[in-house]
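# Observations on the three-dimensional arrangement
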Amino acid sequence: MPNNSNSSSDDMALPATFRKLVCSKLTQHFRDAVSIQTLPMLKPGPQDVLVRNRFTGINASDINKTAGRYNPADKPPFDIGFESVGEVVGVGSEVKHVKVGQGVCFMQNGTFSEYQVLPAKLAIPVPSVQPEHLGLLVSGMTADLSLRECGKIKEGETVLVTAAAGGTGQFAVQYAKQAGCHVIGTCSSDSKAEFLKSLGCDRPINYKTEDLGQVLKKEYPGGVDVVYECVGGDMFHTCLRSLAPRGRLIIIGFVSGYKESQIAAPTIKPNELMGLLAKSTSITGFFLFAFANQWQESFARQAALFAKGAVKVGVDLGKNSEKGAFKGVDGIMDALDYMYSGKSQGKLVVEVNEPLPSPGL
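Given the structure is predicted, the values throughout are model-derived calculations rather than measurements.

To characterise two packed helices, one gives the angle between the axes of the helices and the distance between these axes. Where helix 4 (residues 138-151) contacts helix 10 (residues 295-307), the axes come no closer than 10 Å and their chain directions differ by 105°. By the angle between their axes, helix 4 is roughly perpendicular relative to helix 10. Of helix 10, the residues touching helix 4 (which contributes Gly-140, Met-141, Asp-144, Leu-145 and Arg-148) are Trp-295, Ser-298, Phe-299, Arg-301 and Gln-302. Grouping the constituent residues of the contact of helix 4 with helix 10 by class yields four nonpolar, three polar and three charged.

Written as structure tokens, this is what we have:
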């Protein structure tokens, strides 16, 4: 528990209680898994900060967390949510690098909450509290680090990104283009295809209207060098069969199987295994938390690109949702449903808290 007697005298006036979403039951059905708690306001320990979460990021893997797939030791109730951007509203007595009122972003379990205490060392100062900074965390770092460490992409190569208009896919498209690659991106609508074109994607493919396997066979007979694969299922097998000699397929996830009671991971067929051998191709998994020692460098690299307009961050606060923009802790459940409906485009974000009033008002 945070220490209640070591916070700075500069702390803002805060409400007596706050709300957060917790996992109260292990299941991949998110609405059944979660409940809202109202708790007494927190105070930071001497090396902590208290953050008023303004925006939190939604990830397909949130349901893996509520299903208990990441950590067998997770026993309900436990905190959920991976990333946030907000304002520091309380600082510990030993904290020097951030002040009350400073905008910060961070990755720390428990961001599906109105307020959160975290170690000050995890708080990354940002010039403004805007949802675009969330994109550079889980989604952006996944693309940045996996393409470097696993894909080992090189200028002139062909890179295929699945779910390319999604939270992480949008960054994979841009970072592959910046590396001098020809980029193919799959998506599920014409509007998403237009979004991909705006990011520089050379060949968007709407798999609802075009057969991905046939397009790749006809237009890329030599195969693709790197696949950034997020979907699983039939998409995985099509991508695997389409690899060029010495090609690399990076498994980012298999979102098509996350909602099953037993996660539906793709399996390699005997003829595909022989293809791997014959073409000296490879399949590599990527899990962001295995690369924690590179997070700071990756975020800084991306933030510099974003600051000079060299990377675009598409943000979706529910623009195609029948319920409107996602707001408050309650909106997180609607946002997850929206993500799995296939309607989201870019980084999916929930506005947890309204903006703070301007000083003097």
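Attention now moves to the pattern of salt bridges. All told, the structure shown has 22 salt bridges when counted by the stated rule. In this structure, the salt-bridge partner of Arg-31 is Asp-334, at a minimum N-O distance of 2.4 Å. Of this pair, Arg-31 sits in helix 1 (residues 30-33) while Asp-334 is found in helix 11 (residues 331-340), placing the two residues 303 residues apart along the sequence. Judged by its relative accessible area of 37%, Arg-31 falls in the partly exposed class. Close ionic contact of Arg-31 with Asp-337 constitutes a salt bridge, the shortest N to O distance being 2.7 Å. Taken together, the residues span a long stretch of sequence, with Arg-31 in helix 1 and Asp-337 in helix 11 at a distance of 306 residues. Judged by its relative accessible area of 37%, Asp-337 falls in the partly exposed class. Where salt bridges share partners, they join Arg-52, Arg-54, Glu-87, Lys-327, Glu-351 and Glu-354 into one cluster.

In this section: helix 4. Bending of helix 4 peaks at approximately 25° at the position of Leu-145. A large share of helix 4 lies buried, amounting to 12 of its 14 residues. Among the residues making up helix 4, those that are buried are Val-138, Ser-139, Gly-140, Met-141, Thr-142, Ala-143, Asp-144, Leu-145, Ser-146, Leu-147, Cys-150 and Gly-151.

Scanning the entire structure with this criterion turns up 10 aromatic pairs. With a centroid separation of 5.6 Å and 45° between ring planes, the pair formed by Phe-287 and Phe-289 is classed as tilted.

Next up on the list: a nonpolar patch on the surface. On the surface, Tyr-70, Phe-287 and Phe-289 cluster together into a nonpolar patch covering about 290 Å² of accessible area. In this fold, Phe-287 is placed in the loop between strand 14 (282-285) and helix 10.

Okay, the packing of helix 8 (residues 233-241) against helix 9 (residues 270-279) next. Two elements in contact, helix 8 and helix 9, have axes whose closest approach is 10 Å; the angle formed by their N-to-C orientations is 30°. Taken as axis vectors, helix 8 and helix 9 run roughly parallel relative to one another. The handedness of the crossing between helix 8 and helix 9 is left-handed. Facing helix 8, whose interface residues are His-237, Leu-240 and Arg-241, helix 9 presents Glu-272, Leu-276 and Lys-279. Here the contact of helix 8 with helix 9 is composed, by residue class, of two nonpolar, one polar and three charged.

Analysis parameters
Residues numbered from 1 in each chain as written. Predicted model: local features only at pLDDT ≥ 70, side-chain atom pairs only at ≥ 80, totals over all residues. Heavy atoms only, no water. Axes fitted to C-alpha atoms, helices over the stretch in contact; angles between N-to-C directions. Helix = DSSP H or I, 4+ residues; strand = E, 2+ residues; numbered from the N terminus. Parallel < 35°, antiparallel > 145°, perpendicular 65-115°, else oblique. Contact = heavy atoms within 4.5 Å. Nonpolar A, V, L, I, M, F, W, Y, C, P; charged D, E, K, R; others polar. Salt bridge = Lys/Arg side-chain N within 4 Å of Asp/Glu carboxyl O. Buried < 20%, exposed > 50% of the residue type's maximum accessible area, 1.4 Å probe, protein only. Bend = angle between axes of the 7 residues up to and from the residue. Phe/Tyr/Trp six-rings, centres within 6.5 Å; stacked < 30°, edge-to-face > 60°. Patch = residues over 30% accessible without salt bridge, like charges linked within 9 Å, V, L, I, M, F, W, Y side chains within 5 Å. Areas by Shrake-Rupley, 256 points an atom, 1.4 Å probe, with all protein chains shown as cover. Left-handed = near helix turned anticlockwise from the far one by under 90°.

Interpretation in functional terms is not warranted from these geometric data alone.
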